[in-house]
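Inside the fold
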Amino acid sequence: MLGSCGALALLGAGLLAAPAQQAGAATPGSGTLDADHKSVTWQSPTYASGTVGDPKDCPSAADDPDGKTCDRFDLNVSVPDGYWDDNPEGGVPISIAWAKQPSDDFDLYVYDDAGKQVASSAGTADPEATVIPKANGTYHVVVVPYDVHDNSFVGKAYLPETTDAGNLTSFAGEDGSYTFAAGDLKAKADFLKGGQLRLRADPSGTFTDPAGQQIVREQPAVDPHTTSFDAGAYYGIRSSSAVLRVYKKPLRFGLYKADNKTRVWQEDKPLRWSTGGMRQSLERGADEQFFGGGEQNGSFAHRDKTVYVANNTNWNEGGYPNSQPFYLSSAGYGVYRNTFAPGVYDFGPSVHTGQQERRLDAYYFLGDAKRVIGDYTSLVGKPFMPPVYGLEPGDADCYLHNANQGERHTLDSLKVADGYVENRMPLGWMLVNDGYGCGYENLAETAKGLQDRGAQLGLWTQDGIDKLADQVKAGQRVAKLDVAWVGNGYGMALDACDKAKAGIEDNSDARGFVWMPVSWAGAQRCAVLWSGDQKLSWDFIRWQIPTYAGATLSGIAYNTGDIGSIYSHDAKMYARDLQAKTFLPAVMTMDGWARDITTGQKINQQPWVDGEPYTSINRKYLQLRERLMPYLYTLAKQASQTGVGSIRPLWLEYPEDANTLGAQAKYEYLAGDDFLVAPVYKDSETRDGIYLPKGTWTDYWTGKQYKGPTTIDGYHAPLDTLPLFVKAGAIVPMWPQGTTSWKTRDKDRLGWDVYAAQPGRHAYTLYEDDGVTRAFAKGAAATQRVTSDTDRTGTTLNVGASKGSYDGKVSERAYTFTVHGGAAPHRVTLNGRPLAAGSWSYDGKTGVTTVRTPSLSTSRPFEVRLS
C-alpha cells in the first residue's frame, strides 16, 4: 500500500501483520495469504477528491510514495498445486469498502507480476469486489479514486476454506415439495409445472432469496403430482418427466429421465461450500458439451474451459461483460443459478459450477437446446419485441460540449442524418449526446428533425433516468445506458434496464428500445446488449463472431458491437466488420472517439467517410440488410415468443453434427436457419474453412450450389463480397430493391426470395404489425403463410391470405418472386392462368426465375405455378 496511514488490520487468527509503511517510502504495503495467514486487510489514505479516471494514468509507486493519486498494495499468495481445482470461489476474493459516502466511486484493478490485468471491479459498487482467479504468486493491487469526496476505503482479501456435505440425516415431503438435511445443511427440492426443478441448499439451515422478484418476477407453480420411494442407496422422487435421486451417504443429487435409468446430470461429489461460496460437482459425459454463461467474448462452446460469470468491463476477447448465471448442456438440460453473486463454471473432466455465496438456488430445465432456452427465458423474461427502426442502423455521437470534436450543437446531428439520406444509406435512430459530460439542447426540434429524415431520437444521460419522462415527451425513443447508469451491474443494471424501458413506454405509445453493457440474467427482456468499447483489429472482427452466436444460447436475442469499434478506424476493416454484422439483430456506429489506424488522425465512423470504393460496398450491405427487414423482424417476433434469437451457432440447428463444434464452424453463424454467414476476418480476399452442414446450400451471389456436409477452402471473397449461403427450401420475404427506410418503403410491393432447387415442400410464415407501437401486444398484427412445393414437373407457390389486422395494413399489394434453381420454366401461371408476357423472366447465368404479379388482395390466397 502507498501512504503513511496504511496498516494491516488483524482479521482472524494467524493473520500476517505487516508493518505500516513509512512516509516517503516508494514500496507499496503488502500482505501474504498462505497456510498460516488466511486473510488480510489494509487501510487506504483519505482522498479529498477524485484523482484520475484510469489505472494507466496512475504515476509509478516511486513518483507517488504517499498514495496521493492511486493506492497500491502487493498481495503474495502461496497455495499448494490444485488448491483451486475444487474451490467454490475459484480464487482469492478481494474487495474494497468505503469508509463513508457510499455514492463515491473507487475502482479496483489487480495485476500479476508480469503486469497483466487479472481482475477488476470498476463500477460504482460499495464494496467493489472481484476474484483473482486461481491465484498463486504476487499480485499488485491498484485502486483509483475515480469520484470521491473526503473518503477512504478498507481493502480485504482472504483464502476461502471449504466444507463438504455429510450423510443424509432427514428426508420428508410430498405434493411436489421435499426437504432434506445433512447435519446443518438444509436442502429443498420443488418440482415445478412445465417439467422444471428448483433445488436449494444452505448450510445456515435457512432458505433465502436475495434476488427476490428482481430476476424471476413470478415463481412457477409447484407441480403436486409427484411420488417418492426408497431405493436403498438413495431416495427417489418421481415426476411425470424426471426422477430426482437423493443419495444418502453422503448427501448427493442426481437427475434422471422418467425411466430412472437415463442420466441427465449426476453429482460425483457432495455439495461443497466455503467462506463465501458454494459449488456443485457433476460427472461429465464422454461427449458432453457446454454452452451459455451469457456473453462470453470469443467463445460459444465451453467444454474443458473455465467460464466466469460476473460484472466485468473487459471489452476484449476473454471478457464477460454481459454474462449470465446460466449454462446449457448437450446432455439435455440447462441450469440457472438464481443469484446476483458472481460465479465460476469449470467444465473440465469433473464439472464444478459455483457462485460466490454460501447457498445453492438452481432451476433445472429439461429438453433439447431450444426448449431449454425457451423455459429459461420464460423464467427470467422473454426477449423484448423491438420497434422496426431499432433493427435499422443507429448512429451515436456527442454533439454538445464534445472535447473530441470541438464545440457543436445538438441540431448539428441533423447534418449527419442528411448524410445518410444523401448517401442512400438506412438510418433508424441517432444517439445525439453519447459522451460523459455531453448534454443536449433544442431536444424537441432535434427529435422532429430526425423524424423528418426517417430516424428516431436517442439519448444517453450521465446523471440517471429521472429526466426520461420529459425527454420521451419531447421525442426520445431510444435510451442508451452506460456504466454510469448500470453501476456495478448485477441488480443495479437490471433495475436500470427495466426502468429505462418502462420510462419510454409509460410516456409514449412506443416500444421501449434500450441499449446497455454490463448486464445480468433477465436483461434480454428489456435491452440490446453490446460487448463494450473496443479497438479495431482483424482479431476484433474474428472473436465477435462466436460471441454473438453464443449469447443466443443464453436467451440473449440482441447482442452486438460497434461497427468498426469505437476507438480505431481503418477503411478495409470497417467494411469487413460491417459485412460481418449485416445480419445481426442490431447495429450501430460510435462516432467522435476514433482515430485512423495509419495516420492517427481523428475520424468519424459513418459508412461513407472513406470514399470509394468503400462507400459503395458499405451501401450494398446496409441496403441488403434493409431489404431483409421483414425477415429480420419476423425473427425478432419469434425470439419474443420462443426466447431463441436470430444469430445462432451451427450447433443449435445441427446438434448431431460434431463438426459444428470444430474450429472452422466457430467463425461462422446462422441467421435464422436459412442464411449461413462466414465473415472474412483476415486481410485477405480468400476465405478458407467454410463449413456447410448437411443439405444443399446456394451461394447468395453466384447461385452455385454445394452439397453438405462439406468444407470450402479458397473461396474468392474480394472486399465487396461476404461469403453468404442460403439453405435449400428457404423462403425469404424482402422489401423492394433500393429501400432505405421503413418509413419510406413501398408498402404496396413485397418480394419473396425462394430457394426451390430440391424436391419437397417448405413453408414460411411472415409476421407484420405497425412496427412502432405496443398495439401488437393486444393482437394488432397479421401473418401470411407461403408454401413452396417442388417436384419433377416444377414449383408451386401458394401464398395464403394475410390473417389479422393492424393500423396501416395494406389491402392489396404486388409481389415479386425470385425462384432459385432448376431450368427455365416453359409456363408460369397465376391462379391457373398464364401470366402476361413480360411478367416473368429467367436468368440462365444464375438459374433464377423472376415473377411479378399485379396488385392482389391481401385478404385472399393465390397460387403461382412454374411448370
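Anyway, here's the lowdown on the structure attached to this text. Sequence order sets the numbering: in each chain, residues are counted from 1 along the sequence as written. Two thresholds apply to this predicted model, a pLDDT of at least 70 for residue-level local features and 80 or more for giving and counting side-chain atom pairs, whereas whole-chain, interface and lining totals are computed over all residues. Excluding hydrogens and water, the side-chain values take into account all heavy atoms of the structure.

For the protein, the count of helices and strands is 12 helices and 60 strands. On C-alpha atoms alone, the protein measures out to a radius of gyration of 29 Å, which is about the 29 Å that the 2.2 N^0.38 rule sets for 867 residues. The principal-axis extent of the C-alpha atoms belonging to the protein is close to 95 × 75 × 50 Å. Note on definitions: a residue-residue contact is assigned when non-hydrogen atoms from the two residues lie within 4.5 Å. Pairs at least 24 apart in sequence give 68% of the contacts found in the protein among residues at least 6 apart. A run of H or I in DSSP becomes a helix once it reaches four residues, and a run of E becomes a strand once it reaches two; helices and strands are each numbered from the N terminus. The reference for a compact globule is 2.2 Å times residues^0.38; the radius of gyration itself is calculated from the C-alpha atoms.

Our focus in this paragraph is the state of the cysteines. By definition, a disulfide links the sulfur atoms of two cysteine residues through a covalent bond. The definition used for a disulfide is geometric: two cysteine sulfur atoms within 2.5 Å. For the coordinates displayed, the defined rule picks out 3 disulfides. Note that Cys398 is cross-linked by a disulfide to Cys438, the S-S spacing being 2.3 Å. As the torsion about the S-S bond is roughly 100°, the Cys398-Cys438 disulfide counts as right-handed. Note that Cys398 is positioned in the loop between β30 (394-396) and α3 (413-422) and Cys438 in the loop between β31 (429-431) and α4 (443-452), a separation of 40 residues in sequence.

Moving on: the sheet that holds strand β6 (residues 105-112). Taken in spatial order, the 5 strands line up as β1-β4-β9-β6-β7 in an open sheet, and their pairing is mixed. Every interior strand has two partners, whereas the edge strands, β1 (29-33) and β7 (117-121), have only one. Neighbour-to-neighbour, the strand axes of this sheet turn through a mean angle of 20°, independent of strand direction. As defined by bridge partners, β6 adjoins strand β9 (residues 137-147) across 8 bridges and the pair is classed as antiparallel. Residue pairing across strands places Asp105 opposite Asp147, the latter belonging to β9. Strand pairing is assigned whenever DSSP identifies at least 2 bridges connecting the two strands. Simply put, an axis is a line fit to the C-alpha atoms, just over the touching stretch for a helix, and the angle between two N-to-C directions goes from 0 to 180 degrees.

Turning our eyes to something else, we now look at unusual backbone geometry. Here Lys249 and Pro250 are connected by a cis peptide whose omega angle stands at -10°. Tracing the sequence through the fold places Pro250 in the loop between β19 (242-247) and β20 (252-257). Of the consecutive residues Glu612 and Pro613, the connecting peptide bond is found in the cis state with omega at 5°. Position of Pro613 among the secondary structure elements: in the loop between β39 (595-596) and α10 (614-627). Although it is not a glycine, Arg424 sits at a positive phi angle of roughly 55°. Tracing the chain through its elements places Arg424 in the loop between α3 and β31. Residue Arg424 is classed as partly exposed on the basis of its relative accessible area, which comes to 47%. Only protein chains enter the accessibility calculation, which uses a 1.4 Å probe. A residue is then buried if its area is under 20% of the maximum for its type, exposed if over 50%, and partly exposed in between.

This part takes up the packing of aromatic side chains. The rule is short: rings of Phe, Tyr and Trp, with Trp giving its six-membered ring, pair when the centres are within 6.5 Å, and they are stacked under 30 degrees, edge-to-face over 60, tilted in between. Evaluation of the coordinates by the stated rule reveals 50 aromatic pairs. A centroid spacing of 6.1 Å and a plane angle of 65° characterise the contact between Tyr47 and Phe106, whose relative ring orientation is edge-to-face. In this pair, Tyr47 is assigned in strand β3 (residues 47-49) and Phe106 in strand β6, connecting sequence segments 59 residues apart. Look at Tyr47 and you get buried, because its relative accessible area is 3%. Given a relative accessible area of 0%, Phe106 falls into the buried group. Ring centres of Phe326 and Tyr376 lie 4.0 Å apart, and the angle between their planes is 10°; this geometry places the pair in the stacked category. With Phe326 in strand β25 (residues 323-329) and Tyr376 in helix α1 (residues 369-380), the pair connects residues that are 50 residues apart, well separated along the chain. Assigned by exposure class, Phe326 and Tyr376 land together as buried.

Ordered by their spatial adjacency, 6 strands build an open sheet running β40-β41-β42-β47-β44-β45, and the pairing between neighbours is antiparallel. Edge strands, defined here as strands with exactly one partner in the open sheet, are β40 (647-648) and β45 (705-712). Bridge analysis of strand β41 (residues 669-671) against strand β42 (residues 675-677) gives 3 bridges, and the strand direction is antiparallel. Note that in β42 the partner of Leu670 across the bridge is Leu676.

This brings us to the side chain of Asn433. With respect to the element layout, Asn433 can be found in the loop between β31 and α4. Classification of Asn433 by relative accessible area gives buried; the value is 1%. A distance of 2.4 Å separates the side chain of Asn433 from the backbone oxygen of Trp460, its partner in a polar contact. Look past the residues within four positions of Asn433 in its chain and what remains in contact with it is Asp397, Cys398, Cys438, Gly439, Tyr440, Gly458, Leu459, Trp460 and Thr461. Two N or O atoms form a polar contact when they lie within 3.5 Å of each other; inside protein one atom must be a possible hydrogen donor and the other a possible acceptor, and for residues adjacent in sequence the pair counts only when both atoms belong to side chains.

Salt bridge, as used here: a side-chain nitrogen of Lys or Arg that lies within 4 Å of a carboxyl oxygen of Asp or Glu. Per the counting criterion, the structure on display carries 37 salt bridges. Note that Asp498 and Arg525 form a salt bridge whose closest N and O atoms lie 2.7 Å from each other. Separated by 27 residues along the polypeptide, Asp498 in helix α7 (residues 490-506) and Arg525 in the loop between β34 (514-516) and β35 (528-530) bring together distant segments of the chain. Sharing partners across several salt bridges, the network here consists of Asp86, Asp164, Lys269, Arg272 and Arg279.

What follows covers the packing of helix α9 (residues 571-580) against α10. Two elements in contact, α9 and α10, have axes whose closest approach is 10 Å; the angle formed by their N-to-C orientations is 10°. Judged on the interaxial angle alone, α10 and α9 are roughly parallel. Each of Ala571, Lys572, Tyr574, Ala575, Leu578 and Gln579 in α9 lies in contact with α10, whose residues at this interface are Tyr614, Ile617, Asn618, Tyr621 and Leu622. Residue classes in the contact of α9 with α10 are distributed as 8 nonpolar, 2 polar and 1 charged. Note on terminology: angles under 35 degrees are roughly parallel, angles over 145 are roughly antiparallel, angles of 65 to 115 are roughly perpendicular, and the others are oblique. Just so you know the grouping, Ala, Val, Leu, Ile, Met, Phe, Trp, Tyr, Cys and Pro go in nonpolar, Asp, Glu, Lys and Arg go in charged, and all remaining residues, Gly too, go in polar.

Helices are assigned an expected span. That span is 1.5 Å times one less than the residue count. Relative to the 16 Å expected for 12 residues at 1.5 Å per residue, α1 spans 17 Å between its end C-alpha atoms, a close match to the ideal helical length. Turning to α1, the residues buried within the fold contact β16 (196-202), β25, β26 (333-337), β29 (360-366), α11 (629-642) and α12 (650-653). Of the residues one or two after α1, Gly381 is the one with positive phi, at around 125°.

As a further point, take the side chain of Thr858. With respect to the element layout, Thr858 can be found in the loop between β59 (856-857) and β60 (862-866). Overall, Thr858 belongs to the buried group, its relative accessible area being 4%. Leaving out residues up to four positions away in the same chain, Thr858 has contacts with Ala801, Ser802, Lys809, Val810, Ser811, Glu812, Arg813 and Tyr815.

α4 packs onto α3 with a crossing angle of 5° between their chain directions and a minimal axis gap of 10 Å. What the angle tells us is that α3 and α4 run roughly parallel. Across the interface between the two elements, Ser413, Leu414 and Ala417 from α3 touch Thr446, Gly449 and Leu450 from α4. Classifying every residue of the contact of α3 with α4 by side-chain character gives 3 nonpolar, 3 polar and no charged.

Secondary-structure assignment places Ser228 in strand β17 (residues 227-230). Distance from Ser228 to Tyr178, taken between C-alpha atoms, is 9.4 Å for residues 50 residues apart in sequence. Apart from the residues within four sequence positions on either side, Ser228 is in contact with Phe171, Tyr178, Gly236 and Ile237.

Attention shifts here to the pairing of strand β4 (residues 71-77). Two faces belong to every sheet, and in a regular strand the side chains alternate between them. Of all 7 residues making up β4, 6 are buried, and the element is well covered by its neighbours. Pairing of β1 with β4 involves 5 bridges; the strand directions are parallel. From the neighbouring strand, Gly29 faces β4, where its bridge partner is Phe73. Examined bridge by bridge, β4 and β9 share 7 bridges and lie antiparallel to one another. Within β9, the position partnered with Arg72 by the bridge is Val142.

Quick look at the pairing of strand β52 (residues 794-799) now. Here β52 lies mainly inside the structure; 5 of its 6 residues are buried. Connecting the antiparallel pair strand β51 (residues 782-791) and β52 is a turn made up of 2 residues. Pairing of β52 with β60, which is carried by 5 bridges, proceeds in the antiparallel orientation. Counterpart to Thr796 in the pairing with β60 is Arg865.

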